[in-house]
Amino acid sequence: MITDYKHNYSSHCETGVTSGLLRHKGIDISEPMAMGIGSGIFFTYLPFIKAQDAPMVSFRTAPTRVFKLTTQRLGVKTAVLKKFENQLDAMDSLDRNIKNGIPTGCQVGCYHLTYLPPPMHVHYNFHNVVVFGKEDGLYHVAEPVFEETQILSYEDLLRVRFAKGMFEPKGKMYFVESVTQNPDMKKAIFAGIKTSVKNMVKDPVPLIGVRGMRKLSKHMRNWPNKLPAKNAAFNLIQLIRTVEEFGTGGAAFRYLYGAFLKEAGELLKNDELLKLSFDMGEAGNLWRDLSIRGGRFVKNRGDDNYNTLADIVLECSVREEKIFRALDKIVK
Amino acid sequence: MEKDFTDIQPKSKENLPDNDYQEDNFSLSPNRELFYCFDEKGNYKKLVDNHYEANRLIIKQGWDAVNERVGQVRDQIVQGKLSPLAFFMEKTMMEVTILADYSGFSKRKVRKHLTPNGFSKLSPSRLETYAKVFDITVEELLNPDLNAQTFINAGKKV
């Protein structure tokens, strides 16, 4: 049985899945819109959690959070199933869903996802895909970051749904049950912005939001003194890869969020949001600058050093603080 | 609104990874991805393209660093400081925690098996468990091809 799910090619997995599942039910929410309403923009720097000795930097919220918040704010009834007694149960409930014609989002790990190109096989468990059909024992998977839909065998899907490591998916799956047409967009957008403001500038933990960026900037200056040259460079490489590579749509979601502000501004006829969308784009440009100049620096080209790169991060934090403070006033 | 956002570019030669990357025998972004772009006029556009040059460079450097780490482990195995298990663990970018999760052994046991002494005492069934985690045969686990191109053999495409 293959449902008539229309594949939604997108730059970020979770917003893509959210927008795809909602569009399937007739609510036209674009990817940037899902990003904004689901408060997907985030920053956290966790120096004590290490992956391959590099400190963890994340630009996204916890898995399925965007889906939950977006649907909640649009008055959509959803189900998130996450506790499975055993692995076969998880596959059975997925099969049942597909038999009933419900395309279902699944949290999966990237490492054993067979259709990904080799460089993308990393132990990263935050990925999301939509399973929308099963035929001859093979699952049809709408992979948001691929142009075409993909096929997975039963064993492979089971393996990625129960990937191990940090933040195990444990077979988590989610789907839309029923929708209310014509939701109150203004309310949803403002609620989304409010949470983002809270995450970015009002969180008491100094590792989250703009304060996290400042901390990172401060620590970056110390990398060459504290660490061997190779490790310092590797830290920088991992930071830049987080900014650009892992399905962020470019510049650590800043462009995606800017697109949301623009779309929201046009929808609500709010000039201030349009102006802030421009500022957000410029903040995105700064992050892009960091990747380009950082890349050159690691390659021993250009005349940057850790200090100048840390300055860029600091500048980002200043600009974003301004943007979110302004947003705070708009949604008040 | 969404439609006039889209600007899908044809796959042109300039966008393809250059020879430098093809020589490395693994293309760094064989699939094109969707990016959001921002221009000075404040417009956002969607763009389907390969990663841009600077970014591909960084991705490559990331993998070079991984390869280097594997090289260090390889040296230590040759010197008799680590067991072949360590090679496969580093090659698949696992850490003791992840390997313990996949294999079902405790972290303390996994650390023990990483030493040549602990590894030599492994029972066949335990070797089987480890081989299954790495998608290899027991034979390969016992006599690893240490010079093999460091890359991932995670499953096969259906």
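These figures come from a predicted structure and were not determined experimentally.

> Sorry if this is basic, but what is going on with the overall build of chain B here?
From N to C terminus, chain B includes eight helices and three strands. Per-residue burial over chain B gives 49% buried out of 158 residues. Sequence-distant contacts in chain B: of pairs separated by 6 or more residues, those separated by 24 or more amount to 51%.

> Before we go on, may I ask you to explain the sheet that holds strand S3 (residues 77-81) of chain A in this structure?
The strands making up a sheet are joined through hydrogen bonds of the backbone, oriented either antiparallel or parallel. All names here are of chain A. Here we have six strands laid out as an open sheet, ordered S3-S8-S4-S5-S6-S7, and antiparallel in their pairing. If you trace the sheet from one side to the other, it starts and ends with S3 and strand S7 (150-153), each paired once. Pairwise comparison of adjacent strand axes, ignoring direction, gives a mean angle of 35° for this sheet. Examined bridge by bridge, strand S6 (residues 138-142) and S7 share four bridges and lie antiparallel to one another. Residue Tyr-139 lies in a different strand from S7, and its bridge partner there is Leu-152.

> Please explain the environment of Pro-103 of chain A as it appears in this structure.
Residue and element names in this part refer to chain A. By the element assignment, Pro-103 lies in the loop between helix H4 (87-99) and strand S4 (104-108). Distance from Pro-103 to Lys-170, taken between C-alpha atoms, is 19 Å for residues 67 residues apart in sequence. Residue contacts for Pro-103: discarding those within four places in its chain leaves Thr-3, Tyr-5, Leu-21, His-24, Val-130, Val-131, Phe-132 and Phe-175.

> So what exactly am I meant to see when it comes to the pairing of S6 of chain A here?
All names here are of chain A. By the criterion of burial, S6 is predominantly enclosed, with four of the five residues buried. As defined by bridge partners, strand S5 (residues 127-135) adjoins S6 across five bridges and the pair is classed as antiparallel. When the bridges of S6 are listed, Lys-134 appears paired with Tyr-139. Turn length for the S5-S6 hairpin, with the two strands adjacent in sequence and antiparallel, is two residues, and the turn residue Asp-136 shows positive phi of about 50°.

> When you look at the side chain of Asn-270 of chain A in this model, what are you seeing that I'm missing?
Residues and elements named next belong to chain A. Within the secondary structure layout, Asn-270 lies in the loop between helix H9 (254-268) and helix H10 (271-298). Since its relative accessible area comes to 17%, Asn-270 is described here as buried. Apart from residues lying up to four places away in sequence, Asn-270 is in contact with Gly-265 and Ile-330.

> Even after reading the chapter, I still don't get helix H3 (residues 65-73) of chain A, so can you show me in this structure?
One full turn of an α-helix is made of 3.6 residues, so residues set three or four places apart face in the same direction. Residues and elements named next belong to chain A. Along H3, the residues classified as buried are Val-66, Phe-67, Leu-69, Thr-70 and Thr-71. Residues of H3 that are buried make contact with helix H1 (13-24), helix H2 (31-37), S3 and strand S8 (173-178). Looking at the residues trailing H3, positive phi occurs at Gly-75, about 70°.

> Honestly, the packing of H9 of chain A against H10 of chain A in this entry has me stumped. Any pointers?
Residue and element names in this part refer to chain A. Their axes nearest at 8 Å, the elements H9 and H10 cross at an angle of 170°. The orientation of H9 with respect to H10, classified from their angle, is roughly antiparallel. Contacts between H9 and H10 involve Arg-254, Tyr-255, Tyr-257, Gly-258, Leu-261, Lys-262, Ala-264, Gly-265, Glu-266 and Leu-268 from the former and Leu-273, Leu-274, Leu-276, Ser-277, Met-280, Gly-281, Ala-283, Gly-284, Asn-285, Trp-287 and Arg-288 from the latter. Across the contact of H9 with H10, the residue classes tally to 11 nonpolar, six polar and four charged.

> Hey, could you run me through the interface of chain A and chain B in this one?
Contact residues are listed per partner, giving 64 residues for chain A and 52 residues for chain B. Approximately 4800 Å² of surface area, both sides summed, lies buried where chain A meets chain B, with 61% of it carried by carbon and sulfur atoms. The interface formed by chain A and chain B contains three salt bridges. A salt bridge links Arg-69 of chain B to Asp-53 of chain A, with the shortest nitrogen-to-oxygen separation between them at 3.6 Å. Listing elements by their share of the side of chain A that touches chain B, those giving two or more residues are H2, strand S1 (44-51), S7, helix H5 (154-161), helix H8 (229-244), H9 and H10 of chain A. Broken down by element, the residue count for the side of chain A that touches chain B peaks at 11 residues, all from H10 of chain A. Residues of the side of chain A that touches chain B, tallied by class, amount to 26 nonpolar, 19 polar and 19 charged.

> How do you make sense of the pattern of salt bridges when you look at a structure like this?
Working definition: two side chains of opposite charge can pair if their charged atoms are close together. What the rule picks out here adds up to 16 salt bridges over all chains. Through salt bridges that share partners, Asp-53 of chain A together with Arg-69 and Glu-90 of chain B make up one connected network.

> Please clarify how the packing of aromatic side chains should be interpreted in this entry.
Here the distance between the centres and the angle between the planes together describe a pair of aromatic rings. Inspection of the entire model under this criterion finds 19 aromatic pairs over all chains. Aromatic pair Tyr-257 of chain A and Phe-324 of chain A: ring centres 6.1 Å apart, planes at 40°, arrangement tilted. With Tyr-257 of chain A in helix H9 and Phe-324 of chain A in helix H11 (residues 306-331), the pair connects residues that are 67 residues apart, well separated along the chain. Accessibility expressed as a relative area gives 0% for Tyr-257 of chain A, which makes it buried. Note on Phe-324 of chain A: relative accessible area 0%, which makes it buried. The rings of Tyr-255 and Phe-278 of chain A together with Phe-38 and Tyr-44 of chain B are connected pair by pair, giving a single aromatic cluster.

> Honestly, helix H7 (residues 210-226) of chain A in this entry has me stumped. Any pointers?
Residues and elements named next belong to chain A. For H7, with 17 residues, the first-to-last C-alpha span of 24 Å sits near the 24 Å given by 1.5 Å per residue. The sharpest bend along H7 comes to roughly 30°, located at Met-220, with the proline Pro-224 sitting one to four residues further on. Along H7, the residues classified as buried are Val-210, Gly-212, Met-213, Leu-216, Ser-217, Met-220 and Trp-223.

> Whenever I open this one, the domain arrangement of chain A confuses me. Can you help?
By convention, interface size is frequently given as the accessible area that disappears when the constituent parts associate. Residue and element names in this part refer to chain A. Looking at the assigned domains, one finds that chain A contains domain 1 (13-178) and domain 2 (185-331). Relative placement of domain 1 and domain 2: their C-alpha centres are 24 Å apart. In this complex, domain 1 contributes 28 residues to the contact, which on the side of domain 2 involves 38 residues. Carbon and sulfur atoms make up 74% of the surface buried where domain 1 meets domain 2, a total of about 3000 Å² over both sides. Counting the contacts that link domain 1 with domain 2 gives zero salt bridges. Here domain 1 is connected to domain 2 by seven residue pairs in polar contact (both at pLDDT 80 or more). At six residues, H2 tops the list of elements feeding residues into the side of domain 1 that touches domain 2. Considered class by class, the residues forming the side of domain 1 that touches domain 2 number 17 nonpolar, seven polar and four charged.

Reading the values: rules and limits
Residues numbered from 1 in each chain as written. Chains lettered and ligands numbered in written order. Predicted model: local features only at pLDDT ≥ 70, side-chain atom pairs only at ≥ 80, totals over all residues. Heavy atoms only, no water. Helix = DSSP H or I, 4+ residues; strand = E, 2+ residues; numbered from the N terminus. Buried < 20%, exposed > 50% of the residue type's maximum accessible area, 1.4 Å probe, protein only. Contact = heavy atoms within 4.5 Å. Pairing = 2+ DSSP bridges. Axes fitted to C-alpha atoms, helices over the stretch in contact; angles between N-to-C directions. Parallel < 35°, antiparallel > 145°, perpendicular 65-115°, else oblique. Nonpolar A, V, L, I, M, F, W, Y, C, P; charged D, E, K, R; others polar. Buried area = accessible area lost by both parts, 1.4 Å probe. Salt bridge = Lys/Arg side-chain N within 4 Å of Asp/Glu carboxyl O. Phe/Tyr/Trp six-rings, centres within 6.5 Å; stacked < 30°, edge-to-face > 60°. Expected span 1.5 Å × (residues − 1). Bend = angle between axes of the 7 residues up to and from the residue. Domains from an automatic or database assignment. Polar contact = N/O pair within 3.5 Å; in protein donor to acceptor, adjacent residues only side chain to side chain.

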